[in-house]
Amino acid sequence: PYFSFYFMIYTIIFFISCLHLSIAGNNETDRLALLEIKSKINDPFGALDSWNESLHFCTWYGLTCRPLHQRVTVINLPSLELSGSISPYIGNLSFLTDLMVQNNSIGGVLPPEIGRLHSLQQLWILNNSFTGEIPSNISGCYSLIELHAGNNKWVGSIPNALGSLLNLQYLSLSL
């Protein structure tokens, strides 16, 4: 009887420890992804200065996190004269619902890893300098409700994959 009791207590402690490590690991994934994203961005006015090792990333400028698990849900950095490109690490922010970087000078291709953002509901990348094609695997953003991607330097045709976004209510691809 004593063995069963202690085994049960040990098992419970073990599972709680594993759960804690799992949550902490995911939290670390977000932090590392954000630092990689910052490394690809030129920030002339220092808006991203708070994105550093001394502060918890949920307190960084332009971010919103889920309170319970401390996972990034919103990146909101409009009109800051940011340039550079979006890092492929954006795809590691698995809880991201809103990416709003409109009215900047961010360029390069929109990385295909954007398609891993299954929770993404709003993508505001209008008035930037994105080039290349809109990645067809954007269809992986199956929660997408709004896509504002106009006034960029897109080439090619509109991907048919946009037709598979059943929740999409607003689409702007204007020149």
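Coordinates for the structure precede this section.
Worth saying up front: this structure is predicted, and the values here are computed from it rather than measured.

Student: An account of the layout of surface pockets is needed here, citing residue identities and associated values.
Tutor: Taken as a whole, the largest pocket encloses approximately 150 Å³ of empty space. In terms of lining residues, the largest pocket is bounded by 10 residues, among which Ile134, Trp154, Val155, Gly156 and Leu173 are the most central. Broken down by class, the residue content of the lining of the largest pocket amounts to 6 nonpolar, 4 polar and no charged.

Student: Lay out the sheet that holds strand β7 (residues 122-124) with the relevant residues and their values.
Tutor: Across the sheet, which stays open at both edges, the 6 strands sit in the order β2-β3-β5-β7-β9-β11 with mixed pairing between neighbours. Unpaired on one side and paired on the other, β2 (63-65) and β11 (170-172) mark the two borders of the sheet. For this sheet, the mean inter-axis angle between neighbouring strands, taken without regard to orientation, is 10 degrees. Of the pairings in the sheet, the one linking β7 to strand β9 (residues 146-148) comprises 3 bridges and is parallel in character. Paired with Leu123 across the bridge in β9 is Leu147.

Student: Outline the side chain of Asp43, listing residues and values.
Tutor: Tracing the chain through its elements places Asp43 in the loop between β1 (41-42) and β2. In this structure the side chain of Asp43 is engaged in a polar contact, spanning 3.2 Å, whose partner is the backbone nitrogen of Gly46. In this structure the side chain of Asp43 is engaged in a polar contact, spanning 2.8 Å, whose partner is the backbone nitrogen of Ala47.

Student: Summarise the sheet that holds strand β8 (residues 129-132); cite the residues concerned and give the values.
Tutor: Strand order in the open sheet made by the 5 strands is β1-β4-β6-β8-β10, with mixed pairing throughout. Of all strands in the sheet, those bounded by a partner on one side alone are β1 and β10 (153-154).

Student: Could you give an account of the pairing of strand β3 (residues 72-76), with specific residues and numbers?
Tutor: Most of β3 is tucked away, with 4 of its 5 residues classed as buried. Across 3 bridges, β2 lies against β3 in antiparallel orientation. In the sheet register, Leu63 faces β3, and the bridge partner there is Ile75. Here β2 hands over to β3 after 6 residues, with Gln70 in that stretch at a positive phi of 55 degrees. Relative to strand β5 (residues 98-100), β3 runs parallel, the two sharing 3 bridges. The residue of β5 that forms the bridge with Ile75 is Leu99.

Student: Please give an account of the pattern of salt bridges that cites residues and values.
Tutor: Counted according to the given criterion, the structure contains 3 salt bridges. Of the charged contacts in the structure, one is a salt bridge between Arg31 and Glu53, with a shortest N-O distance of 2.8 Å. Placement of the pair is Arg31 in helix α1 (residues 2-39) and Glu53 in the loop between β1 and β2, with a sequence separation of 22 residues. Given the relative accessible area of 58%, Glu53 is considered exposed. Within the structure, one salt-bridge network assembled from shared partners comprises Glu28, Arg31 and Glu53.

Conventions adopted
Each chain carries its own residue numbering, running from 1 in the direction its sequence is written. Only residues with pLDDT of 70 or above have their local features reported here, since the model is predicted, and side-chain atom pairs are shown and tallied only from 80 upward, although totals for entire chains, interfaces and linings are computed over all residues. Only hydrogens and water are set aside; all other atoms, that is, all heavy atoms of the structure, feed into the side-chain values. Cavities and pockets are found on a 1 Å grid laid over the protein atoms alone: a cavity is a set of points where a 1.4 Å probe fits but cannot escape, a pocket is an open set with protein on both sides within 12 Å along at least five of seven lines, and a lining residue has an atom within 4 Å of such a point. Grid points are joined across faces, edges and corners, and a volume is the space filled by probe spheres set on the points. Each residue gets one of three labels, nonpolar for Ala, Val, Leu, Ile, Met, Phe, Trp, Tyr, Cys and Pro, charged for Asp, Glu, Lys and Arg, and polar for the others, Gly among them. DSSP bridges decide pairing: two strands pair if at least two such bridges lie between them. A run of H or I in DSSP counts as a helix once it spans at least four residues, and a run of E counts as a strand once it spans at least two, with each numbered from the N terminus. Fitted lines through C-alpha atoms give the axes, limited to the stretch in contact for helices. The angle between two N-to-C directions lies from 0 to 180 degrees. Polar contact is defined as a pair of N or O atoms within 3.5 Å, subject to the rule that within protein one atom must be able to donate a hydrogen and the other to accept it, and that residues adjacent in sequence are counted only when both atoms are side-chain atoms. Only protein chains enter the accessibility calculation, which uses a 1.4 Å probe; a residue whose area is less than 20% of its type maximum is buried, one above 50% is exposed, and one in between is partly exposed. Any carboxyl oxygen of Asp or Glu that lies within 4 Å of a side-chain nitrogen of Lys or Arg is treated as forming a salt bridge with it.

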